[in-house]
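# Coordinate inspection notes
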Amino acid sequence: MGVQENGNGLVGGKNKYKRMESDALEEDTVLSSNHQDREGVYVEKRNTKIYLLACAVFASLNSVLLGYDVGVMSGAILFIKEDLKISEVQEEVLVGILSIVSLLGSLAGGKMSDAIGRKWTIAFATLVFQSGAAIMTLAPSFTVLMSGRILAGVGIGFGVMIAPVYIAEISPSAVRGSLTSFPEIFINLGILLGYISNYAFSGLPVHINWRVMLGIGIFPSIFMGVALFVIPESPRWLVGQNRIEEARTVLLKTNDSEKEAEERLAEIQLAADLANSEKHEAKAVWQELLKPSPAVRKMLIAGCGIQCFQQITGIDATVYYSPTIFKDAGIKSESHLLAATVAVGFTKTIFILIAIFLIDNVGRKPLLYVSTIGMTVSLLSLSLTLSFMSDEKFGIELALLSVCANVAFFSVGIGPVCWVLSSEIFPQRLRAQASALGAVGSRVSSGAVSMSFLSVSAAITVGGTFFVFSVISALSVAFVHTCVPETKGKSLEQIEMMFQNGGELQSGEVELGDVEVQRLVQKE
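For the structure given in this document, a descriptive report is provided here. (Residues numbered from 1 in each chain as written. Predicted model: local features only at pLDDT ≥ 70, side-chain atom pairs only at ≥ 80, totals over all residues. Heavy atoms only, no water.)

## Description of the overall build of the protein chain
Inclusion rule: Working definition: helices are DSSP H or I runs of at least four residues, strands are E runs of at least two. Numbering for both runs from the N terminus. Think of it in three bands: with a 1.4 Å probe and only protein chains considered, a residue is buried below 20% of the maximum accessible area for its type, exposed above 50%, and partly exposed in between. We call two residues in contact whenever any of their non-hydrogen atoms come within 4.5 Å of each other. Here the accessible surface of atoms and residues is derived via Shrake-Rupley with a 1.4 Å probe, and residues count as covered only by protein chains that are part of the display.
Along the backbone of the protein chain there are 24 helices and 0 strands. Residues classed as buried in the protein chain amount to 55% of the 524 residues present. Residue pairs in contact within the protein chain that sit at least 24 positions apart in sequence constitute 82% of those at least 6 positions apart. Per element, the accessible surface of the protein chain, about 22200 Å² overall, is 65% carbon and sulfur.

## A short note on the environment of isoleucine 100
Along the chain, the position of isoleucine 100 falls in helix α3 (residues 88–116). The partly exposed category is assigned to isoleucine 100, whose relative accessible area is 26%. The spatial distance from the C-alpha of isoleucine 100 to the C-alpha of isoleucine 150 is 8.8 Å, given a sequence separation of 50 residues. Apart from the residues lying within four places of it in its own chain, the contact partners of isoleucine 100 are Arg443, Val444, Gly447, Ala448 and Met451.

## Notes on the side chain of lysine 365
As for its placement among the helices and strands, lysine 365 is situated in helix α19 (residues 364–388). Once residues lying within four places of it in the same chain are set aside, the contact partners of lysine 365 are Val480, His481, Val484 and Glu486.

## Observations regarding the nonpolar core
Applicable threshold: In plain words, nonpolar cores are sets of buried Ala, Val, Leu, Ile, Met, Phe, Trp, Tyr and Cys residues tied together by side-chain atoms within 4.5 Å.
Counting 89 residues, the largest nonpolar core has Ile80, Leu145, Phe453 and Phe466 as its most contacted members. It is helix α2 (residues 61–84) that contributes the most residues to this core, 11 residues altogether. Those residues in contact with leucine 145 that lie beyond four places of it in its chain are Ile80, Leu84, Leu94, Met136, Ala139, Trp210 and Leu214. Judged by nonpolar contacts, the second largest core, of 27 residues, contains Cys55, Phe58, Leu61 and Ile352.

## Some details on the pattern of salt bridges
Rules: The rule for a salt bridge is simple: a side-chain nitrogen of Lys or Arg has to be within 4 Å of a carboxyl oxygen of Asp or Glu.
If you walk through the whole model with that rule in mind, you get 9 salt bridges. Linking glutamate 169 and arginine 118 is a salt bridge whose minimum nitrogen-to-oxygen distance equals 3.0 Å. Here the residue glutamate 169 occupies a position in helix α5 (residues 142–170), and arginine 118 occupies one in helix α4 (residues 118–138), the gap between them amounting to 51 residues. Here glutamate 169 matches arginine 118 in class, with each residue buried. The closest approach of N and O atoms between arginine 264 and glutamate 267, which form a salt bridge, is 3.0 Å. Taken together, the residues span about one helical turn, with arginine 264 and glutamate 267 both in helix α12 (residues 258–275) at a distance of 3 residues. Under the relative-accessibility criterion, arginine 264 is labelled partly exposed at 22%. The network of salt bridges with shared partners includes Asp114, Arg118 and Glu169.

## As for the packing of helix α20 (residues 393–412) against helix α21 (residues 414–424)
What counts is decided by this rule: Lines fitted to C-alpha atoms define the axes, with helix axes restricted to the stretch in contact, and inter-axis angles between N-to-C directions lie between 0 and 180 degrees. For classification purposes, an angle smaller than 35 degrees is called roughly parallel, one larger than 145 roughly antiparallel, one from 65 to 115 roughly perpendicular, and anything else oblique. Under the scheme applied here, ten amino acids are nonpolar (Ala, Val, Leu, Ile, Met, Phe, Trp, Tyr, Cys and Pro), four are charged (Asp, Glu, Lys and Arg), and all others, including Gly, are polar.
It is the contact of α20 with α21, at a shortest axis distance of 4 Å, that shows an interaxial angle of 25°. In terms of axis orientation, α20 runs roughly parallel to α21. Residues Phe409, Phe410, Ser411 and Val412 of α20 lie in contact with α21, whose contacting residues are Ile414, Gly415 and Pro416. Per-class residue counts for the contact of α20 with α21 are 5 nonpolar, 2 polar and no charged.

## Thoughts on the packing of aromatic side chains
This is how it is decided: Pairing of aromatic rings covers Phe, Tyr and Trp, the last through its six-membered ring, and needs centres within 6.5 Å; plane angles under 30 degrees mean stacked, over 60 mean edge-to-face, and all others mean tilted.
For the structure shown, the criterion picks out 6 aromatic pairs. On the numbers, 5.2 Å between centres and 85° between planes, the contact of phenylalanine 124 with phenylalanine 158 is edge-to-face. You can see phenylalanine 124 sitting in helix α4 and its partner phenylalanine 158 sitting in helix α5, a full 34 residues away along the chain. Judged by centre distance (5.1 Å) and plane angle (40°), the ring pair of phenylalanine 309 and phenylalanine 479 falls under tilted. With phenylalanine 309 in helix α15 (residues 294–312) and phenylalanine 479 in helix α22 (residues 431–483), the pair connects residues that are 170 residues apart, well separated along the chain. In this pair, the class of phenylalanine 309 matches that of phenylalanine 479, namely buried. Among the aromatic residues, ring-to-ring pairing joins Tyr321, Phe453, Phe466 and Phe469 into one connected group.

## A look at a nonpolar patch on the surface
Inclusion rule: Each patch is built from residues lacking any salt bridge and having more than 30% relative accessible area; the joining distance is 9 Å for like charges and 5 Å for nonpolar side chains (Val, Leu, Ile, Met, Phe, Trp, Tyr).
Side chains of Leu189, Leu193, Ile196, Phe346, Ile350, Phe351 and Ile354 sit close together on the surface and give an oily, nonpolar patch of about 550 Å² of accessible area. Where the nonpolar patch is concerned, the elements lending two or more residues are α7 (182–201) and α18 (334–359). Counting residues per element, the nonpolar patch draws most heavily on α18, which supplies 4 residues. Summarising the element assignment, phenylalanine 351 is placed in helix α18.

## Things to note about the environment of lysine 488
In this structure, lysine 488 sits in the loop between α22 and α23 (492–500). On the basis of relative accessibility, which here comes to 32%, the residue lysine 488 falls in the partly exposed class. In the structure, lysine 488 is positioned 124 residues away from arginine 364 in sequence and 6.5 Å away in space, judged by C-alpha atoms. Every residue in contact with lysine 488, bar those within four places of it in the chain, is listed here: Asp360, Asn361, Val362, Gly363 and Arg364.

## What about the state of the cysteines?
What counts is decided by this rule: When two cysteine sulfur atoms are found within 2.5 Å, that pair is recorded as a disulfide.
Evaluated as defined, the whole model comprises 0 disulfides. You can see cysteine 308 has no disulfide; the closest cysteine sulfur is in cysteine 304, sitting 6.8 Å from it. Here cysteine 308 falls in the partly exposed class, since its relative accessible area comes to 25%.

## Here we look at the side chain of serine 411
Put simply, the rule reads: Two N or O atoms form a polar contact when they lie within 3.5 Å of each other; inside protein one atom must be a possible hydrogen donor and the other a possible acceptor, and for residues adjacent in sequence the pair counts only when both atoms belong to side chains.
Along the polypeptide, serine 411 turns up in helix α20. Residue serine 411 is classed as buried on the basis of its relative accessible area, which comes to 0%. Within polar-contact distance, the side chain of serine 411 engages the backbone oxygen of lysine 348 at 3.3 Å. When near neighbours in sequence (up to four residues on either side) are disregarded, serine 411 contacts Asn188, Lys348, Phe351, Ile352, Ala355 and Pro416.

## Observations regarding the packing of α2 against α3
Running from N to C, α2 and α3 cross one another at 170°; their axes reach a closest spacing of 11 Å. Taken together, the axis directions place α2 and α3 in an arrangement best described as roughly antiparallel. Taking contact as the criterion, the partners of Leu66, Asp69, Met73, Ile77, Ile80 and Lys81 in α2 are, on α3, Glu91, Leu94, Val95 and Leu98.

## Section: the environment of arginine 248
Mapping arginine 248 onto the fold places it in helix α11 (residues 244–254). Sequence spacing of arginine 248 and arginine 264 is 16 residues, and the spatial spacing of their C-alpha atoms is 9.2 Å. In this structure arginine 248 touches Glu262 and Leu265, once residues within four positions along its chain are discounted.

Written out as structure tokens, the structure is:
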């Protein structure tokens, strides 16, 4: 009996150990499965981020063309003036006309993107710019050069209007600010490349160097041919065309999970249903923009106002005419002038990269405060330096420091935030046309500044002109405080609701929006 009990005990013990081993094996399997699931989710999220990044980069390539033109023209104009024997007025017109005619592209871009889609409007913009750049490169006279610049300007108008809209519409709210700032980043990269091109090719003969400088601007647009096979159409545009399944496919690629994609799709459909409801059926988009409701009026003031302030504070004058500014400060050598502009380009590019990491973490409005206040101080410093310390070594250093500080503060705030805000604050039914209107305001302001800078400087000195810019910059601080809302972390549909309610979204309002979305999902 004792042995049997012992034997039974041993057998029981063995069975017990076997069960323990089985449980441990099962637990290991579960842990391994959970680990694999987590790893799968991580890989899926990483792939989503890479895909979104690729879409934002390709959509922003047109912005490189604008930036390159701005940067390269600042140096090329020195040699164009010598080669084609143009006057100072012709120089102003040649520099500024691109911004003025780009409004034609921006105005037409809103309508075209609603008709043929965001993606193919980007492609059309590239084609038009490429044609203009080719004509400029081969131009034998000022007249032909102007015609090429006008064509390039129209292409740029299409590009600068549609890229932020497209990126805002494909991006989840958590990263929308960073990704929508990509066009501004690529403008800065283009400016830097333009400055480097000026410095690199300035040693060539006068009748060749400026043609090479302008001709290199064609190359970025070639990559757009590849981009068309990578980037999808905007899901919000697809929903507006009742192509729901295609929109779902895009959202599955641009969101971390199927659940999140379905929620976003439901939000978009809800917004599209509101846009197509009786309230908006009989009212044309332009009629609504020209006779806006109180909510739309606030959107237009914020979106178009920030676009205009971005330009009338003189950033394009600083970039286009930086050799003129440094010459007025006391730098005489042509190579030293172009080298100084390269330093400005590097500063501008570095600080726009910093803005990417801050815009979705710090928020839009704090960056705008830092930017506008910093620009005001920098512009005032430049004005005083050029007025009282020109031709002195310290004055030259301070002028260079003030210009670099001005572009740094611009790039960390109002430069990228302007495009982010103007692409996210308008509702789906108005977004393309209203963004086009904002881009028109930006381009007209840029053209007015570029085409008048030399004449105004001749009348009140370069230092006096920058004093005027500093006063306007001070006014932009007040504008930001009064008219610009914070949109960080909100979906495009929640931002629309915020304007409809006349203030910041309250937590209950966010919950209500989510409930409506959930009901729509359940209904489907």
